[in-house]
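# Summary of structural features
Residues per chain are reported as follows:
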Amino acid sequence: QVQLVESGGGLVQAGGSLRLSCAASGSIFSINAMGWYRQAPGKQREFVAAITDRGRTNYADSVKGRFTISRNNGKNTVLLQMSSLKPEDTAVYYCGAARTTAFLPNYWGQGTQVTVSS
């Protein structure tokens, strides 16, 4: 089993920045990719960004150029730096961990709320 704990959500004005953190523990040797999904009220959960254990990254088109994902393997932590935030970025952000680089998460965190005011 893998446990994921997120932190860093909050309220920010449009154009501002936030950084989300996700710390993994447990059977982390089985994990090949980590990243983030988000779910806005009344919408399906959608992919945001992911990073493999070799550092390859992938982003949703809606966040490219604004969000940056990074990974600290030594600390088993993934960071999501979010800049130029828009009201449509408002959602609960979930950290995920996957056994494959296709990033279909096998494990999820509890979620952290990000609210961007206009």
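Above: the structure in question.
None of these values were measured; they are calculated from a predicted model.

Before going further, it helps to examine the overall build of the chain. Secondary structure summary: the chain contains zero helices and 11 strands in total. Listing every helix and strand of the chain by position from the N terminus yields β-β-β-β-β-β-β-β-β-β-β. Against the compact-globule benchmark of 13 Å for 118 residues, the chain has a radius of gyration of 13 Å, which places it among compact chains. In terms of overall dimensions, the chain has a C-alpha envelope of 40 × 25 × 25 Å along the principal axes. Counting only residues that meet the buried cut, the chain has 43% of its 118 residues in that class. Taking as baseline every contact in the chain between residues at least 6 positions apart, the subset at least 24 positions apart corresponds to 55%. Working note: accessible area of the chain is about 6,200 Å², and carbon and sulfur atoms make up 47% of it.

Glancing now at the nonpolar core. Membership of the largest hydrophobic core comes to 30 residues, with the highest contact counts inside it found for Leu4, Met34, Trp36, Leu80, Met82 and Tyr93. Those elements that place two or more of their residues in this core are strand S1 (2-7), strand S3 (18-26), strand S4 (33-39), strand S5 (46-52), strand S7 (67-72), strand S8 (77-82), strand S9 (91-98) and strand S11 (112-117). Excluding its chain neighbours within four sequence positions, the residues that come into contact with Leu4 are Cys22, Ala23, Ala24, Met34, Cys95, Gly96, Ala97, Tyr107, Trp108, Gly109 and Gln110. By size, the runner-up hydrophobic cluster in this structure holds five residues, among which are Tyr37, Ala50, Ala98 and Phe103.

About the thresholds
Residues numbered from 1 in each chain as written. Predicted model: local features only at pLDDT ≥ 70, side-chain atom pairs only at ≥ 80, totals over all residues. Heavy atoms only, no water. Helix = DSSP H or I, 4+ residues; strand = E, 2+ residues; numbered from the N terminus. Rg over C-alpha atoms; globule rule 2.2 N^0.38 Å. Buried < 20%, exposed > 50% of the residue type's maximum accessible area, 1.4 Å probe, protein only. Contact = heavy atoms within 4.5 Å. Areas by Shrake-Rupley, 256 points an atom, 1.4 Å probe, with all protein chains shown as cover. Core = buried A, V, L, I, M, F, W, Y, C linked by side-chain atoms within 4.5 Å.

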